[in-house]
Amino acid sequence: MMPDHGVKSASGKNQPAWAAARQRRAGEEHRMRTVLLEAAARAFARSGYGGTSIGAIAAEAEVSRPAFYAYFASKREVFLEVVAALRDEFLAAHEFPGIDDPYELGRAATRAFLAAHAANAALLTVVDHEAEGDEEVRAMRDEMRRRPARRMAHYVERLVAEGRADPVADPELLAGVMNATFTRFARELPDDAGAFEQKVEEFTAIYLRLIGVRG
């Protein structure tokens, strides 16, 4: 029997053939799971939760129904994962490490917020509808709203403490109002890139005026 010398891993070290095979299998499973989640997101956005079947998701992903069940036990399970991925996308869109200038940060955060809403407008409508009767969906939907607002409030509070801002209202109240306003108008954004950037500038100006940036 020939010795099993294995193959080199990403670090350049030899690993047993069984470990390499398991790694390849894990990579393929991750890829297929991603394909199914993306297909489910498109199907839910197009037809709503009630109008989407497992067969429709499988067809969208170009796989069989048994292949779907190899990764998800039910339509609700895949929907919850779609909502979780959407929540994570929105929370990541508000992370700008290393940016502290109010003008630069305000513009970057506004652009990311509006772009995320524009890209997911139909799916967000479905999430809002399902949140009315599903506690898990409602919790994730509310987290998408609360955490960015809380981050904005803390940032404005720090600007006030440093003498760099004079907001027109309590930072926490102001953050909630801004979040609700952005959410309301973000679903009616123009498709034209130039018009979109104009909206970014307008919303940024509103934000900066309300938080009373000095200097």
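Criteria and thresholds
Residues numbered from 1 in each chain as written. Predicted model: local features only at pLDDT ≥ 70, side-chain atom pairs only at ≥ 80, totals over all residues. Heavy atoms only, no water. Salt bridge = Lys/Arg side-chain N within 4 Å of Asp/Glu carboxyl O. Helix = DSSP H or I, 4+ residues; strand = E, 2+ residues; numbered from the N terminus. Buried < 20%, exposed > 50% of the residue type's maximum accessible area, 1.4 Å probe, protein only. Phe/Tyr/Trp six-rings, centres within 6.5 Å; stacked < 30°, edge-to-face > 60°. Expected span 1.5 Å × (residues − 1). Arc of directions from axis to C-beta. Contact = heavy atoms within 4.5 Å.

## As for the pattern of salt bridges
Opposite charge on two side chains allows them to pair when their charged atoms are near.
Here is step 1 of the chain: As enumerated under the stated definition, the model contains 18 salt bridges in all.
Here is step 2 of the chain: Between Asp100 and Arg158 there is a salt bridge, and its shortest N-O distance comes to 2.6 Å. With Asp100 in the loop between helix H4 (75–92) and helix H5 (102–119) and Arg158 in helix H7 (residues 135–161), the pair connects residues that are 58 residues apart, well separated along the chain.
Here is step 3 of the chain: Residue class for Arg158 comes out partly exposed when judged on its relative accessible area of 34%.
Here is step 4 of the chain: One salt-bridge network, in which partners are shared between bridges, spans Arg87, Asp88, Glu143 and Arg147.

## Observations regarding the packing of aromatic side chains
Here is step 1 of the chain: Tallied over the full model, the rule gives eight aromatic pairs.
Here is step 2 of the chain: Taking the centre distance of 5.7 Å and the plane angle of 20° together, the rings of Phe44 and Tyr49 count as stacked.
Here is step 3 of the chain: Using a relative accessible area of 0% as the deciding quantity, one classes Phe44 as buried.
Here is step 4 of the chain: Taking the centre distance of 6.4 Å and the plane angle of 55° together, the rings of Phe185 and Phe203 count as tilted. You can see Phe185 sitting in helix H8 (residues 171–186) and its partner Phe203 sitting in helix H9 (residues 193–211), a full 18 residues away along the chain.

## Notes on H8
Here is step 1 of the chain: Between the first and last C-alpha of H8 there are 22 Å, a value that for 16 residues agrees with the 22 Å anticipated at 1.5 Å per step.
Here is step 2 of the chain: Every buried residue of H8 is accounted for by Pro171, Leu174, Ala175, Met178, Asn179, Phe182, Thr183 and Ala186. End-on, the buried residues of H8 take up no more than an arc of 160°, which puts them together on one face.
Here is step 3 of the chain: Packed against the buried residues of H8 are H5, H7 and H9.

## Concerning unusual backbone geometry
Here is step 1 of the chain: The backbone phi angle of Glu62 is positive, close to 60°, even though this residue is not glycine.
Here is step 2 of the chain: With respect to the element layout, Glu62 can be found in the loop between helix H2 (54–61) and helix H3 (65–69).
Here is step 3 of the chain: You can call Glu62 exposed: its relative accessible area is 73%.

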